[in-house]
Amino acid sequence: MKRERILIVDSNPLEGASLRAALCESGFDAVEASTAEGALALVPSFQPAAVLADGALPEVDGAAMVARLRAIKSDAAVVVSTPPDRVDAAVNALRAGAESYVVRPVDPGQALVALEKALESRALRRDSASLRDRIRQRVQIVGAAPEVLAVVEMVKRVAPTKATVLVQGEPGVGKGHVAQALHEASPRRNKRFVRVNCAGLSQALVESELFGHERGTFAEADERRIGRFEEADGGTIYLHEVGRLPHAVQVKLLRVLQQGEFERIGGRDTVHVDVRVIAGSQRELADEVRAGRFRDDLYYRLNVVAVSLPPLRERKADIPALVNHFIALQSAAQGKEITGVTPGTLSALFAYEWPGNVQELANVCERAVTVARGHEITAEDLAPVLHGGRPEESTASALIPGATLFEIEREAILRTLDQCGGSTARAADVLGVSIRKIQYRLKEYRSGATGRRGRDELVDAK
């Protein structure tokens, strides 16, 4: 097992040597330095997990030591040792980012306890940072369709603000994905992101789920329940299918949006929260307002910033990029080395209409990576519903005679895109046509256009 490395900075060489001996005896790998400059010079090569720093050094106090460590990109946990009469220096060090402090002269036992706790906090920070990195990787908004690029731009502009966002679109288009992306790009990223499926809650439980209840409010309330808004305090709450909320709860939600407060069911105390609300709906909420099923004042409050996501069938040109993204995620998750898809497989994906949208494509890619036996996804690895697409080993010669020029050209473009990883620029270069032609043809394929064309249409002006 790798031993944790501890850097001791102590102006008293005898105390530093004593601490080093105690730490090494306890299983740590420890080195010592008597000056701040000497200690900082050791950091790049030694790479300590923690630093036990003398907070009374003449040239650098504890707070400055933390700042100097962060300036050289060290994430070492810091424990500061200070004289009994310099508690103010210890407090300043804690504010600067030190984990804890011990009083000088340093007792080795107390130092060990403080360092072990500091190392635990560092491990938790690293785990949290790793988890956030994985989440941010998963919540990339992938695609080059104009509608998708507009969503990406809106996320960049709106995420840093507190504005309420309404995300609308068919099931599976990625409304929750956009909500998570807004949270991860916001100043609230280190706080909680809470999802609530309003359609999955019974009318009797939805208010309690969102706002909580006090003990004894009803027969099953044997203890106080904290609602989802309190859980999300300081962070973001995503209300999936917000249009399904009953009117009584809509009134309470409106108050939260306007005043940031509510009472738990059965409670008298007002609860104050700072929560950013992102709402999602597959129904057009404006239609729900006209039908009398949704409050108009709540709709206007939710609709501060509106984002509309297109269905996948209207942006099939994004399928190659999405497939590459999902395959990369699933390959990493399952420990496989999948490099792409075989010729013809992408054609089957283009031919399908994707009623389940991007979520269905993600599921198809997960299944394909799971069952794949080689380093590429084949048509056989796709879900049975997709087997109506072109056979994996179809060739241009197999289409002739009997195929239209449109069909032959379509096969050539889709196969070349497949081999080029979905890059229209590279595919255009291989085929000797303009990028504009590739994009125009993909738009035709998305619309389902078919027909016979003359040979002169196969080459476009540069």
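Note: the structure precedes this text.
Rules used in this analysis
Residues numbered from 1 in each chain as written. Predicted model: local features only at pLDDT ≥ 70, side-chain atom pairs only at ≥ 80, totals over all residues. Heavy atoms only, no water. Helix = DSSP H or I, 4+ residues; strand = E, 2+ residues; numbered from the N terminus. Expected span 1.5 Å × (residues − 1). Buried < 20%, exposed > 50% of the residue type's maximum accessible area, 1.4 Å probe, protein only. Pairing = 2+ DSSP bridges. Axes fitted to C-alpha atoms, helices over the stretch in contact; angles between N-to-C directions. Contact = heavy atoms within 4.5 Å. Phe/Tyr/Trp six-rings, centres within 6.5 Å; stacked < 30°, edge-to-face > 60°.

J.: Which residues make up helix α13 (residues 319–334), and what are the values?
T.: Over its 16 residues, α13 extends 22 Å from the first C-alpha to the last, a length consistent with the 22 Å expected when each residue adds 1.5 Å. The complete set of buried residues in α13 reads Ile319, Pro320, Leu322, Val323, His325, Phe326, Ile327, Leu329, Gln330 and Ser331. Positive backbone phi, approximately 70°, marks glycine 335, located one or two places after α13.

J.: Could you give me a rundown of the sheet that holds strand β5 (residues 100–103), with the residues and numbers involved?
T.: Here we have 5 strands laid out as an open sheet, ordered β2-β1-β3-β4-β5, and parallel in their pairing. One side of each edge strand has no neighbouring strand; the edge strands of this open sheet are β2 (29–33) and β5. Ignoring strand direction, the axes of neighbouring strands in this sheet form an average angle of 20°. Two strands pair when backbone bridges link them, and strand β1 (residues 5–9) and β2 are joined in this way by 5 bridges, in the parallel orientation. Across the sheet, leucine 7 pairs through a bridge with valine 31, a residue of β2. Strands β1, β2 and β3 (50–54) of the sheet are contacted by helix α1 (residues 13–25), whose axis makes an angle of about 175° with β2. Its contacts with the sheet put helix α2 (residues 36–46) on β1 and β2, and the angle it makes with β1 is roughly 165°.

J.: Please give an account of the environment of valine 158 that cites residues and values.
T.: Of note, valine 158 is situated in helix α6 (residues 146–158). Valine 158 sits in the buried class, given a relative accessible area of 7%. Linking valine 158 and alanine 185, residues 27 residues apart in sequence, is a C-alpha distance of 9.2 Å. Contact partners of valine 158, with chain neighbours within four places excluded, come to Ala163, Val165, Leu182, Arg276 and Val305.

J.: Describe in detail the packing of aromatic side chains, supporting the description with residues and values.
T.: Per the stated rule, a full pass over the model turns up 5 aromatic pairs. When the centroid spacing of 5.4 Å and the interplanar angle of 5° are considered together, the rings of phenylalanine 211 and phenylalanine 229 count as stacked. Of this pair, phenylalanine 211 sits in helix α8 (residues 206–211) while phenylalanine 229 sits in helix α9 (residues 228–231), placing them 18 residues apart in sequence. One exposure class covers both phenylalanine 211 and phenylalanine 229, and it is buried.

J.: Which residues make up the sheet that holds strand β11 (residues 276–281), and what are the values?
T.: Taken together, 5 strands build an open sheet; the order of strands is β7-β8-β11-β6-β12 and the sheet is parallel. The outermost strands of the open sheet, each flanked by one partner alone, are β7 (193–197) and β12 (305–308). Pairs of neighbouring strands in the sheet enclose a mean axial angle of 20°, with direction left out of account.

J.: So, the pairing of strand β8 (residues 236–240): which residues are in play, and what are the values?
T.: With 4 of 5 residues buried, β8 is to be regarded as a mostly interior element. Pairing between β7 and β8: 5 bridges, direction parallel. The residue bridging valine 196 from the neighbouring strand is leucine 239, located in β8. As paired strands, β8 and β11 are joined by 5 bridges and run parallel to one another. From the neighbouring strand, leucine 239 faces β11, where its bridge partner is alanine 279.

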